[in-house]
Amino acid sequence: MSLPVVQPMPAPANCSRIFSKELKPHDTEPASSPASVRTFDRSSNAGSGDGKTTVSPNSVIAFEDGPARRNDAGDFSSEEHSHELSNLHGVKESSDFNDSNWAFTDSLLSLDYESSRDSSAKNADFNNECKSVCDVKGAPIVTLNVNNLVNVDGDGNGNDNEALVEEFPVTKRNKGLCYRCFKGSRFKEKEVCLVCSAKYCGNCVLEAMGSMPEGRKCVDCIGYPIDESKRESLGKCSRMLRRLLNELEIRQIMKAERFCEVNQLPPEYICVNGKPLSFEELVTLQNCAAPPKKLKPGSYWYDKVSGLWGEEGQKPCRIISPHLNVGGPIKPDASNGNTQVYINGREITKVELRMLQLAGVQCAGNPHFWVNEDGSYQEEGQKNTRGNIWGKSGTKLVSALLSLPVPSKCSILCGERTSSPVSKRLPDYLEHGIVQRLLLVGYGGSGTSTIFKQAKILYKDTPFSKDERESIKLTIQTNVYSYIGLLLEGRERFEEESLLNIKKSRPDVLDSTGTSSNNKTIYSIGTRLKAFSDWLLRTMASGKLDAIFPAATREYAPLIEEMWGNAAIQATYKRRREIEMLPSVASYFLERVVEILRADYEPSDLDILYAEGVTSSNGLACVEFSFPPSAPEETVDTMGLHDSFVRYQLITAHARGIGENCKWLEMLEDVGMVIFCVALNDYDQFSTEGKGCITNKMLASRKIFETIVTHPTFEQMDFLLILNKLDQFEEKIKQVPLTRCEWFDDFHPVISRQCSSNNKNGSSNNSSLAQLASHHIAVKFKRLYSSITGRKLYVSLVKGLEPDSVDAALKYAREILKWNQERPNFSLSDNSMYSTEDSSFSFTC
Ligand SMILES: Nc1nc2c(ncn2[C@@H]2O[C@H](COP(=O)(O)OP(=O)(O)OP(=O)(O)O)[C@@H](O)[C@H]2O)c(=O)[nH]1
Ligand SMILES: [Ca+2]
């Protein structure tokens, strides 16, 4: 283990940075660096991605370097060079540095930086001045012009030193090469400097970025403000770093990245009502009970009376805490409205006017309203409150669907009336107070409606209103008639088949197995039932079933009762699996057909759950709920206590329109997560889509998944994939190989043979096959998702008809949302279940 060591890379204070890139054999003396502590064990090939990293006891970043050494001229001997290249990418530049320690002097660096007032200019100057590496005497000695390298998209104005430019031509950079070793390609994973956007490959990143005392910045960018376009990625660790560093290190780096002073949003970057904020104002804004979400530099308007908040010239996007002492007074044209209707002195936008009208607010005569934080409003100059915008039950939903903000408990109740910053930060999801929206979509028949209904039954005291129940009852009764129709159709077919069989096999012999002299089989029915059957089938064929039923329900009820008791119908029912169109839920209802078709029938929650076509099939449906407080033993942390505060909106939309028309998708830009539902047992199912071409349903599902994942509205959103109908899948996989779907033709469950030899028990063998197969499907979707987005797909296996299973999946969704918001504040190791790759999904069944 006596290998030479490269060290140290001290973090510079302010602008003064002293680089010591000298290679020293086994230097163990503590460096002056305040930065975090690491030893990279190069012999374990840390750079290639699977190396282990350890935390060393002293404040030194040490690279164990292998036998390669520079000669005094600062160059490798040819022999060593080749060795070096094969072992240690990225160290080569060190050979270009002068052997002696080299340093930036304070004066050299701070010259232009300090005198420049504009901060972007600061950056540019910094890039120009600070990065041309000079020796102490001021003469350029290094051939690496970092400035030029980092300025890929910038002005390229870094030609302080022509020689340097030549060395690293633009073309190379444009090819997506690593900025340090000039290897790799655009497609190779790279880590990006938060300040200058320089990109480094896995072999170079740790050397280029050193100990990262301010997060992911090149060593010479430390001390400089980040590129604001990268603010969202602060504290979000990349896969590359996760591979290179251990969790403790990642935790420290990400924490530093998010909280170190220089990375904080400069207050003057936020303009509210035309006035740049002061530091105190920004603190007030960020620490109020309901602050604006993911605040980015920009100009905003803020209506202090109602708490409405939006980007300048745009409709409101949020309701934040009212009465905050930030920014200037609101301007009439703040949101660029042209409706001649005013709220608190701001001319509102068209979409807001529409919302007001839907909320029943009289808007004739260009009124000027005064709207309070609780939604109560009056006309300007009048004393009486005219009503409350949020008073009507549907207003919030309308608002949500129009992508307008709705008030949260937080924004109303905890509204800060003073300007004093709240000292304690609430967790993000509470801060933002407003409901968390979950969009639930999936291919037809994947079980989205079932999950939606389960959510209602699980979390609502009265899942369905009286009116809803009444209309659901009619739906169920109509459904039952259509099941009967399908059954009768099947009966006809079975009758014909058996008659044909009889004719073929024993043309003139009658026997006792159900045939008789007058062409009767066990599937034959009497004339009365036959007439009814013919009529029902005709009605169904003409598509008028909905129109006639359920009005005719009562009239036909006695006939149905007779029919259900008929032996031919029962014989048909026994062969129901052969009637393809008949859904499996049909038996749940058919076996209670008499009860269900009674006038006084009242559907139970379970009936409603099983019923098809209950949620509106052409629009959006929405349920708002909060998770009930968990049992005491589950509330390990205080977060559990807050859970019952947080409101969730599960919005479901029919997937039918997704392919052709994504308009409504755009309305859902502020959902927090997309839950995509796939029926596992679709793998051998086919549907005739559009022009009669036959598609595998799993592939059709995948297509819609891709459409949604790539839709701009959902670019940054997390996705939870629900692999539904696990119960049916477990049964089917015993009979039908997964390879029936071409996407899974690489599924070769070799292990299942081991399983079967290990446990002779047939059922456990099957469940493990189902597990392997569902895992395979999950991984396929994960790979697809990460190839599109570069991010991780969360997966949950679900049995939609089982409440506990759906409950677990929705709680998983909640955890993901929470985790994303709290990620920077909590240790990664505490949440390591989220950080694994393919293997991370919950079995919620
Ligand atoms: N066995 C089983 N059946 C399920 C499960 N989830 C849903 N179903 C049934 O599958 C059928 C389709 O479910 P829906 O919830 O209507 O699916 P959907 O995605 O709304 O389908 P469309 O209305 O056609 O778009 C219904 O009959 C459900 O009862 C499940 O986990 N297991
Ligand atoms: Ca449905």
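- In the annotation of an unreviewed UniProt entry, the chain is listed under the name Extra-large guanine nucleotide-binding protein 1 and assigned to Stylosanthes scabra.

### Details of the sheet that holds strand β18 (residues 376-379)
Right, so step 1: With respect to topology, five strands assemble into an open sheet ordered β16-β15-β17-β18-β19, the strand pairing being mixed. A single partner strand is all that each edge strand has here, and the edge strands are β16 (346-347) and β19 (387-388).
Right, so step 2: When strand β15 (residues 342-343) meets β16, the two strands line up antiparallel, connected through two bridges. Bridged to Ile343 within β16 is Arg346.

### Some words on the site of ligand 1
Right, so step 1: Taken together, 18 residues form the shell around ligand 1, and within it Gly445, Ser449, Thr450, Lys725 and Gly800 come nearest.
Right, so step 2: In the model, an oxygen atom of ligand 1 is placed 2.9 Å from a nitrogen or oxygen of the Thr448 side chain.
Right, so step 3: Here an oxygen atom of ligand 1 and a side-chain polar atom of Thr450 are 2.5 Å apart.
Right, so step 4: When ligand 1 is considered free in solution it has 640 Å² of accessible area, and contact with the protein chains removes 87% of it.
Right, so step 5: Elements represented by at least two residues in the shell around ligand 1 include exactly α16 (448-459) and α28 (726-735).
Right, so step 6: Looking at the shell around ligand 1, the element that brings in the most residues is α16, giving three residues.
Right, so step 7: Grouping the constituent residues of the shell around ligand 1 by class yields three nonpolar, eleven polar and four charged.

### As for the packing of helix α17 (residues 466-505) against helix α21 (residues 567-574)
Right, so step 1: Interaxial distance between α17 and α21 falls to 9 Å at its minimum, and their mutual angle equals 95 degrees. Of the possible angle classes, the one that applies to α17 and α21 is roughly perpendicular. In this structure, α17 uses Leu487, Leu488, Gly490, Arg491 and Phe494 to contact α21, whose residues at the interface are Ile569, Thr572 and Tyr573.
Right, so step 2: Tallied by class, residues from the contact of α17 with α21 come to five nonpolar, two polar and one charged.

### What to know about the packing of α17 against helix α18 (residues 527-541)
Right, so step 1: It is the contact of α17 with α18, at a shortest axis distance of 9 Å, that shows an interaxial angle of 115 degrees. In terms of axis orientation, α17 runs roughly perpendicular to α18. Judged by the sense of rotation from one axis to the other, the crossing of α17 with α18 is left-handed. Mapping the contact onto sequence places Tyr481, Ser482, Ile484, Gly485, Leu486, Leu488, Glu489, Arg491 and Glu492 in α17 and Lys530, Phe532, Ser533, Asp534, Leu536, Leu537 and Met540 in α18.
Right, so step 2: Each residue belonging to the contact of α17 with α18 can be placed in one class, and the counts come to eight nonpolar, three polar and five charged.

Calculation criteria
- Residue positions within a chain follow its written sequence, with the count starting from 1.
- Working convention: letters from A go to chains and numbers from 1 go to ligands, in the order in which they are written.
- Thresholds applied to this predicted model are a pLDDT of at least 70 for local features of residues and 80 or more for the giving and counting of side-chain atom pairs; totals over whole chains, interfaces and linings are not thresholded and use all residues.
- With hydrogens and water excluded, all non-hydrogen atoms of the structure serve as input to the side-chain values.
- Pairing between two strands is assigned when DSSP locates at least 2 bridges connecting them.
- Helix and strand assignments follow DSSP, with helices taken as H or I runs no shorter than four residues and strands as E runs no shorter than two, numbered in order from the N terminus.
- Proximity is defined per residue: if any heavy atom of the residue lies within 4 Å of a molecule or strand, that residue is considered near it.
- Under the rule applied, a polar contact is a pair of N or O atoms within 3.5 Å (in protein, one hydrogen donor and one hydrogen acceptor; residues adjacent in sequence only if both atoms are side-chain atoms).
- Throughout, the Shrake-Rupley method with a 1.4 Å probe supplies accessible areas, and for residues the shown protein chains are the sole cover considered.
- Side-chain classes follow a simple rule in which Ala, Val, Leu, Ile, Met, Phe, Trp, Tyr, Cys and Pro form the nonpolar group, Asp, Glu, Lys and Arg form the charged group, and the remainder, Gly included, forms the polar group.
- Convention adopted: a line fitted to C-alpha atoms gives each axis, helices being fitted over their contacting stretch, and angles between N-to-C directions are expressed from 0 to 180 degrees.
- What sets the label is the angle itself: under 35 degrees gives roughly parallel, over 145 gives roughly antiparallel, 65 to 115 gives roughly perpendicular, and the rest give oblique.
- Only heavy atoms enter the contact rule, under which two residues are in contact if any of them lie within 4.5 Å.
- Throughout, a crossing is termed right-handed when the near helix is turned clockwise from the far one, and left-handed when it is turned anticlockwise from it by less than a right angle.

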